[in-house]
There are 2 protein chains.
Amino acid sequence: MLFARDLALDLKAGRLTAPALLERCAEAIAEQEPEIGAFVALDLDAARRAAEKARPDTPLAGLPVGVKDIIDTRDLPTAYGSPLYAGHHPAADAPIVRQIVRMGGIVPGKTVTTEFAHMAPGKTRNPRRLTHTPGGSSSGSAAAVAAGMLPLAIGTQTGGSVIRPAAFCGVTGYKPTFRNLPTLGMKTFSWHLDTMGLFGARVRDVAYAAAALTGRDLDIGERTADAPRIALVRTARSHLADAAAHAALEAAGKALERAGGTVHEIDLPEEVEAADAVHPVIQDFEAWIALSDEYDRAADQLSPGLRAHLEASARIEVGAYDEARRQAKRARQRLGDLFADYDALLTFSAPGAAPEGFASTGSPAFNRLWTLMGSPCLNVPGLQDETGLPVGVQVVGRFGRDRAALLVAAALERALARR
Amino acid sequence: MLFARDLALDLKAGRLTAPALLERCAEAIAEQEPEIGAFVALDLDAARRAAEKARPDTPLAGLPVGVKDIIDTRDLPTAYGSPLYAGHHPAADAPIVRQIVRMGGIVPGKTVTTEFAHMAPGKTRNPRRLTHTPGGSSSGSAAAVAAGMLPLAIGTQTGGSVIRPAAFCGVTGYKPTFRNLPTLGMKTFSWHLDTMGLFGARVRDVAYAAAALTGRDLDIGERTADAPRIALVRTARSHLADAAAHAALEAAGKALERAGGTVHEIDLPEEVEAADAVHPVIQDFEAWIALSDEYDRAADQLSPGLRAHLEASARIEVGAYDEARRQAKRARQRLGDLFADYDALLTFSAPGAAPEGFASTGSPAFNRLWTLMGSPCLNVPGLQDETGLPVGVQVVGRFGRDRAALLVAAALERALARR
C-alpha cells in the first residue's frame, strides 16, 4: 500500500516529485486494475498534466486521491453507479473535489460505487482475495487503496459504506463526525445519514488527509493515545458477529491493554441500542424523497432490488420518521454522556471477514447505529481470520472529537502491529 | 390574490377545473408580469397540458405552484440567478418539485431569485408599489403571489429570504421547521441554514400546501389558536426597527389580546440573543465551500459583491465555525425551554416596510436568528405604514411544532382582519 502521509512529506521536501508518484500509481493501476476493477473512470493524461503543475507548498502536494463515483466531478463522468446517469457530466465539481484540488491534490479517477450507494454491487473484486466482495458501497475506493493503486480515496457512508469495505479490504477507513466533510455534490440517499469518509493505508494517513481537507487539527503524525480508556461494546447484535469477528475484537482489546490502555466491556444504554432500529426508518423515508426524480422518470432503469426498496420506503409514515429523528436525538445525547468515562468505544467493524462471492456487499449491522449517531468511526486493520482474510475492528469516538478517536485508533494500530 | 386552499377545495369538488384556474393565472400573468418581473422562465403551454391531465383526487388537484429559480427543474431552465448557469438544465427535478407534481400540482414557471439566493437583486418589482423592492432572495415567489399571478410559490431562506419578501409584498410567508421540506436539488448556500418555505395569500393557504407537500397534519382549515400565550420579543436589534415596524408589532399584540390571547413582552435569554452573531459565521464559512466550484471556475462571472463576500468568507477559521455551531446548538436548547410558557413568539418580520429602490433587497436583521434556530416562522400581513405599504409581523413557533405556529398565525391574521 501507499502511505499518504509519508508520500506527502516526501513531496513537500522534494524527495519525490508528483509526476514520479503518479507514475507509480499508474503502474500499479496498469497491473492491478484489470483484475480488481476499482475504477469507473480514469484520466491519467489529465492527472499527468496536473502532476506537472503540482505545488510542493500545498498540504497534499500532488497526492493522487480517488473519488467515489457518487460524487460530482465536472471533467470526469459521474454515473452514481446507475445506467440512468451513464456519461453524465455535472455542472459543477462537488466541494470536496474542489477542496482536494485547492489543497494541491490530484483526482485521477472515479471509483466504483454500488447503484446510488445502495446495495446493488459494482464490478470491483477484493484485492485481498479476488473471489470475495470488497464490501460496499464505497467498493472501488477501498479496493484502490488496498491494491496500492492510490494512497487515498474518498468514500461515503449512509449505513456502513466506509467502515465495512475498509474492514473487508484491510485498509484504514475513517468516517469523520457527521458533516465535518461537506456532502454537497454527492448524490443524496439520506441527508440525515450520508457522510463522507476517507480511505488510506494507516490511521495517520487518513488523519493527514482529513486535516488537509477540513482545516482541523487532525494531523496526528506518529502520536497515539496514551493509556486510553476503552469501552468494549458487542452491542445487542453481537450474535450476528462470527467467531473471527469476536476473536478480533478480543485480540484488539487485549492489545490495547498490553499497550497501557484500560478496557471495560460494557452494554450500551438501552436508548442507544434502540436507536439502531430507527436508522432504516430515517434512511428509507429520505431515500424515497431523494430518488424521487429517478423513480418517477425511469423506475425501469433502477435495479429490481432498489426499486422494490423504494416502493416499500414510500409507505413509511411521516409521523414514524419524525419520531425516529427524535429518538435518534435522544440517543445521541445519551451516547455523549458515556464519553465522560471513556475515550473511545471498541466494537465490530463487520460481522466477519469479506463474504465469498459478489451477490452482496455484506451487512452494515455494526455500522448503522454509529452513522446515525454521527460519531467519528475508524476501521483499524491488522487482524485476520484463519484463512488470512482481513478482519477489522472499529473505534468509535465522541461526536466532534475526531482527534481523540484518531489517536485511539493509532494506538490500536500500533498495538496490533506489535503483537 | 388567489386563495390556494379555497381553490383546491373548488377543484376537488368540481366547482372549478384546473385548465380554468390556469387561464385565470395566465391572464393575471399577461397583465401583471410586464410590470412586476416575477418570472425568469414560464412555460404556460406545458402547464396547460399538465392542467388538462390534473386529477381532482390529489391534494393539490391542479393548483399552479411557482418555484424559485434556485431550485432544480429538468424541463424549465435553472439559472440560480447567475449568468454562470444561463440556460442550465439540471439532470433531475429537485424532490420538492417532484413532490408538487406527485401531489397533483403544476409548475408553470420559475420565479426570480437574487444571485445564488444572496444579495445581488433580480429584476422583480414590488406589486404593492412598483418603485420599491419586493425583498429577497425569494423576490419572484413573493411578488407572483402578491400580484395574484399564482396561488402558491416555493421560496428559500438562509437569512431572511422568505419572511422578508413576504412582509414587503404583503403576503403570508411560511418557513417551516428546518428540514421539514427537503432542500435537495436547491443550489446550496449554507447547508445548516438553507430552508425551503412557502408563499400564499393566507395562513390556511400555506398550511394546506405544507400539509400536501410534507404529509404532516398541518391543514388547519378555518381553525385558529384559542387564547394563545404570546411572548412579544423586540430582540437586541430593536433599534433597527423603524416606527412603522414598532407600531405594527404593538398593533398585532393588542389585536391578539382583544381576541383572547395573553401577550407578555419579554427579553430573550442572553444565549439566544448572542446566537444572532454566529449566523453569519456559519453561513459564510459554508458559502465559501458551497460555491467553491463557481469561485474557482469563474469568479469573474460572480457579482462584485458576492465575490468580495466569498473572499472575506474564506478567511473564517474552522475553529470559529465549529464554536459557532456549538453556540447555536446551546441557544436552540435554551429557546426550546422558553416554549414551556409560550405558544409562540411575536416579533418583527423586517425593520420596516419595503425600502424604495432596487439597490438592496432589505435587511435580514430580524430573520437570521430564527433561521439559525430552525424555528417555524410565519410572516402575517394585514398592517400598513402611513403610506399604505404593507408591514408584516412575524410569528415564531417551537422547533417541530409547526401546527401550533400556524394556528397562532391564523389567530393573528383573523384578529388583524377584525380590527
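Residues numbered from 1 in each chain as written. Chains lettered and ligands numbered in written order. Predicted model: local features only at pLDDT ≥ 70, side-chain atom pairs only at ≥ 80, totals over all residues. Heavy atoms only, no water.

## Quick look at unusual backbone geometry
Residue and element names in this part refer to chain A. Following Gly 136, the chain continues to Ser 137 via a peptide bond in cis, the omega torsion being 5°. Its location among the elements puts Ser 137 in the loop between strand 3 (109-111) and helix 5 (139-146). The phi dihedral of Ala 117 falls on the positive side, at around 60°, and the residue is not glycine. Take Ala 117: it is sitting in the loop between strand 3 and helix 5. (Helix = DSSP H or I, 4+ residues; strand = E, 2+ residues; numbered from the N terminus.)

## What to know about the interface of chain B and chain A
Often, the extent of an interface is quoted as the loss of accessible area upon association of its parts. Taken residue by residue, the interface counts 33 residues in chain B and 33 residues in chain A. Carbon and sulfur atoms supply 53% of the area buried between chain B and chain A, which totals about 2700 Å² over both sides. Broken down residue by residue, the surface that chain B buries against chain A is led by Arg102(B), Arg179(B) and Leu184(B), which jointly contribute 22%. Our count for the chain B to chain A interface comes out at 6 salt bridges. With its nearest N and O atoms 3.0 Å apart, the salt bridge here joins Arg102(A) to Asp296(B). Counting across the interface, chain B meets chain A through 10 residue pairs in polar contact (both at pLDDT 80 or more). Of all the secondary structure elements, the ones that give two or more residues to the side of chain B that touches chain A are helix 4 (95-102), helix 10 (279-290), helix 11 (292-298) and helix 13 (318-338) of chain B. Here the residues of the side of chain B that touches chain A sort into 13 nonpolar, 8 polar and 12 charged. (Contact = heavy atoms within 4.5 Å. Buried area = accessible area lost by both parts, 1.4 Å probe. Salt bridge = Lys/Arg side-chain N within 4 Å of Asp/Glu carboxyl O. Polar contact = N/O pair within 3.5 Å; in protein donor to acceptor, adjacent residues only side chain to side chain. Nonpolar A, V, L, I, M, F, W, Y, C, P; charged D, E, K, R; others polar.)

## Let's talk about the pattern of salt bridges
Summed over all chains, the structure comprises 56 salt bridges over all chains. Close ionic contact of Asp293(B) with Arg297(B) constitutes a salt bridge, the shortest N to O distance being 2.7 Å. A residue pair is termed a helical-turn pair when its members lie 3 or 4 positions apart in one helix, as Asp293(B) and Arg297(B) do in helix 11 at 4 residues. A single salt-bridge network, built from bridges that share partners, covers Asp93(A), Arg98(A), Arg102(A) and Asp296(B).

## Focus: the relation of the copies chain B and chain A
Taken as rigid bodies, chain B and chain A are interconverted by a rotation of 180° and an axial shift of 0.0 Å, the fit giving an RMSD of 0.0 Å. Here the two chains are linked by the operation of a two-fold rotation axis. The C-alpha atom lying nearest the rotation axis in chain B is that of Pro90(B); the distance is 4.1 Å. (Least-squares fit on C-alpha atoms with pLDDT ≥ 70 in both.)

## Remarks on the packing of helix 7 (residues 203-214) of chain A against helix 15 (residues 402-417) of chain A
Each pair of packed helices gets described by two things: the angle between the helix axes and the distance between those axes. All names here are of chain A. As a packed pair, helix 7 and helix 15 sit with axes 9 Å apart at the nearest point and diverge in direction by 155°. Regarding the angle of helix 7 to helix 15, the classification is roughly antiparallel. You can see that helix 7 and helix 15 cross each other, and the crossing is left-handed. Taken together, the residues of helix 15 that come into contact with helix 7 (itself represented by Val 203, Val 206 and Ala 207) are Leu 406, Ala 409, Ala 410 and Glu 413. Split by residue class, the contact of helix 7 with helix 15 holds 6 nonpolar, no polar and 1 charged. (Axes fitted to C-alpha atoms, helices over the stretch in contact; angles between N-to-C directions. Parallel < 35°, antiparallel > 145°, perpendicular 65-115°, else oblique. Left-handed = near helix turned anticlockwise from the far one by under 90°.)

## Looking at the state of the cysteines
All names here are of chain B. Per the counting criterion, the structure on display carries 0 disulfides over all chains. Here Cys 25 is not disulfide-linked; the sulfur of Cys 169 is the nearest cysteine sulfur, at 17 Å. Taking relative accessible area as the criterion, Cys 25 reaches 1% and is therefore assigned buried. (Disulfide = S-S within 2.5 Å. Buried < 20%, exposed > 50% of the residue type's maximum accessible area, 1.4 Å probe, protein only.)

## Digging into the packing of aromatic side chains
Applying the stated criterion to the full structure yields 12 aromatic pairs over all chains. With 4.1 Å between their ring centres and 15° between their planes, Phe285(A) and Tyr321(A) make a pair best called stacked. Highlighted residues: Phe285(A) in helix 10 (residues 279-290) and Tyr321(A) in helix 13 (residues 318-338), separated in sequence by 36 residues. Ring centres of Phe348(B) and Phe366(B) lie 4.8 Å apart, and the angle between their planes is 50°; on these two criteria the pair is classed as tilted. Linking Phe348(B) in strand 9 (residues 344-348) with Phe366(B) in the loop between strand 9 and helix 14 (368-373), this pair joins segments that are 18 residues apart in sequence. Comparing Phe348(B) with Phe366(B) shows no difference in burial state: the two are buried. These aromatic residues form a ring-pair network of at least three members: Tyr80(A), Tyr85(A) and Phe116(A). Above the ring of Trp288(A), the side-chain terminus of Arg102(B) is found at 4.1 Å from the ring centroid. Between Arg202(B) and the ring centre of Phe3(B), over which it is positioned, the NZ or CZ distance is 4.1 Å. (Phe/Tyr/Trp six-rings, centres within 6.5 Å; stacked < 30°, edge-to-face > 60°. Lys NZ or Arg CZ within 6 Å of the ring centre and 35° of its normal.)

## Topic: the domain arrangement of chain A
All names here are of chain A. What the domain assignment reports for chain A is domain 1 (4-214) and domain 2 (229-275 + 322-417). Here the C-alpha centroids of domain 1 and domain 2 sit 23 Å apart. Listed per partner, the contact involves 41 residues of domain 1 and 43 residues of domain 2. Summing both partners gives a buried area of about 3100 Å² for domain 1 against domain 2, and 60% of it is carried by carbon and sulfur. Of all residues in domain 1, Phe 168, Thr 177 and Val 203 bury the most surface against domain 2, accounting for 18% of the area lost on that side. Taken together, domain 1 and domain 2 are joined by 0 salt bridges. Our enumeration of links across domain 1 and domain 2 arrives at 20 residue pairs in polar contact (both at pLDDT 80 or more). Taken together, the elements giving at least two residues each to the side of domain 1 that touches domain 2 come down to helix 6 (163-169), strand 5 (172-175) and helix 7. Counting residues per element, the side of domain 1 that touches domain 2 draws most heavily on helix 6, which supplies 6 residues. (Domains from an automatic or database assignment.)

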